[in-house]
Amino acid sequence: REVVESSTAPHQRGDLHRSISKSPQTPTTAMEAATRALKLDSIPLSMIVPAGILALWLFFALIRSTARARAQRHATVRVITWANHKGGVGKTTTAFFVAKQLAVDNKDKNILVVDCSIYGDLTRLLLGSASNGDGAEGNLVNAGQTVEHFAASVTSKRSSWLPSLRGTARVERHIARVKDSAADAPANLFLMTNRAQWLNGPHAPSTSGGEEHGMEDATDEYVAAVSQALRASLAAKDKPWIVIVDTDGGLLHGMSKFALCASDHIVVPTNADTADMRRLHVMLRYVRSLHQRGMTTGTVGIVFFNNLKVKNNSPSDDLATLGLDFTVADDVADQMRRLADFLRDMRGEFPALLKEVEPETFTGRSNFFAGIRHGGVTMQRVKDRPYDATLSDQVAEDFAKLARRVNHLAAGTKLAY
């Protein structure tokens, strides 16, 4: 009675009340009385059946459009995310050198760099615009070649009621070939930047209320759906892809969540400093929560010690277990061992994330740990002129070895020493 009354015009309610209250009725006769009062029996069956089918179709379409995207890997796509909640460990710089080396070493694959830092340093390094103004990155933002624009295209696809408009968002509309802006860049190197870094720069609109974080109001479920759409769209292309994703340190905004959800593997740059342990633990806890909800497949594949001061260039068996082909000062080596022991201890708490770390009894050359020497003046020179200046031979070899590690990580194999 309440349901019918709420949907009945006032002038019909008196007849309806009299129909229902004349005598005690079974539910069936009460429904018949309500049907007569509302004149539903005058609606042809030919109209009721299609309306019911349409209602069911819309219901299931709504479920599909809001369903959670569960993370899954694709054979032709590997996403490697550079992550550490500690800032200043060299994520952006090392991601730049490794991505460039991967493009040189993998002519049969495309290398995509996704810049999820809201400051856009990696975008400017790749475009060669670190000291040449912001014209090139502005062109990318205006062309919609950003994480935010891709996310918007995913949203429009998922929310469409028409199956013909559904499908995988087209990632090629939202990435740029780096060579189009930097003529000497490898032809198989691509970039997806973000709009937030542009708004945080000198071109921010005067109405900006402060620092832009990009996807800052996005839920974990939303960024997970966008990240899985990125992987699915790349998997539909003809050539295999290796994707390098840069993140911010100390920030867990929507961009960082997107980067971790998208990852197949996580590469962790760190200083030889035990103060980094707390930040690593925070990051591992968050990635574990994503695993538990089916939002990522990412595991920690490599931890490398960055910006190391070299004592001498001779390798030692002891430091080989930490992935070094050179010797560092004793106090630095001690900090490195303590960090390595911390990660081995954490394997008990995070078995799914740290399954690649070697046990304490390991005596060979590590596939999990690595080291990069301090780059000195040559590194700054290359950052200013990324495609014609060169690193020192020893630092260049460190990055070449790290790139080989990433290649094997992407292929699911281990280096044979």
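Residues numbered from 1 in each chain as written. Predicted model: local features only at pLDDT ≥ 70, side-chain atom pairs only at ≥ 80, totals over all residues. Heavy atoms only, no water.

> Just checking my understanding: could you explain the overall build of the chain for this structure?
Counting its secondary structure elements, the chain contains 16 helices and ten strands. Counting across all 417 residues of the chain, residues that qualify as buried make up 50%. Summed over its atoms, the accessible surface of the chain is roughly 19,700 Å², and 53% of this surface lies on carbon and sulfur atoms. (Helix = DSSP H or I, 4+ residues; strand = E, 2+ residues; numbered from the N terminus. Buried < 20%, exposed > 50% of the residue type's maximum accessible area, 1.4 Å probe, protein only. Areas by Shrake-Rupley, 256 points an atom, 1.4 Å probe, with all protein chains shown as cover.)

> What should I look at first to understand the sheet that holds strand S3 (residues 176-177) in this one?
Within a sheet, neighbouring strands are paired by backbone hydrogen bonds and run either parallel or antiparallel to one another. If you trace the eight strands from one edge of the open sheet to the other, you get S3-S4-S2-S5-S1-S6-S7-S10, paired in mixed fashion. In this open sheet, the two edge strands, each paired with only one partner strand, are S3 and strand S10 (369-373). Note that S3 and strand S4 (residues 189-192) share two bridges and pair antiparallel. Residue pairing across strands places Arg177 opposite Phe190, the latter belonging to S4. (Pairing = 2+ DSSP bridges.)

> Explanation requested: the confidence of the model for the chain in the structure shown.
A low pLDDT score tells you not to read the predicted coordinates there in detail. Of the residues in the chain, 76% have a pLDDT of 70 or more, and the chain-wide mean is 82. Considering only residues more than four positions removed or in separate chains, one finds that residues 1-13, a stretch of pLDDT under 50, has eleven contacts. Below pLDDT 50 for its whole length, residues 61-67 participates in nine contacts with residues either more than four positions away or in separate chains. (pLDDT = per-residue confidence, 0-100. Contact = heavy atoms within 4.5 Å.)

> It is not clear to me how the side chain of Lys109 should be interpreted in this structure. Could you clarify?
In this structure, Lys109 sits in the loop between helix H5 (91-105) and strand S2 (110-115). It is Asp108 that comes nearest to the buried, bridge-free Lys109 among opposite-charge side chains, at 5.5 Å. Ignoring anything within four residues of it in the chain, the contact list for Lys109 reads Asn188, Lys239, Pro240 and Ile242. (Lys, Arg positive; Asp, Glu negative; His and termini not counted. Salt bridge = Lys/Arg side-chain N within 4 Å of Asp/Glu carboxyl O.)

> For this particular structure, what's the right way to read the pattern of salt bridges?
Between side chains of opposite charge, a pair can form as their charged atoms come close. For the structure on display, the rule yields 17 salt bridges. Note that Asp220 is salt-bridged to Arg293, the shortest N-O span being 3.0 Å. Residue Asp220 is found in helix H10 (residues 220-235), and its partner Arg293 is found in the loop between helix H12 (277-292) and strand S7 (299-308); the two are separated by 73 residues along the sequence. Here Asp398 ties to Arg373 by a salt bridge, and the two come within 2.8 Å at their closest N and O atoms. In this pair, Asp398 is assigned in helix H16 (residues 393-411) and Arg373 in strand S10, connecting sequence segments 25 residues apart. Like Arg373, Asp398 is buried.

> Before we go on, may I ask you to explain the pairing of strand S6 (residues 265-270) in this structure?
Remark: a regular strand shows side chains that alternate across the two faces of the sheet. Counting buried positions along S6 gives six out of six residues, so the element sits mostly inside the fold. Along S6, one buried face is formed by His265, Val267 and Pro269 and the opposite face, lined by Ile266, Val268 and Thr270, is buried too. Inspection of the sheet shows strand S1 (residues 77-82) paired to S6 by three bridges, in the parallel sense. Across the sheet, Ile80 pairs through a bridge with His265, a residue of S6.

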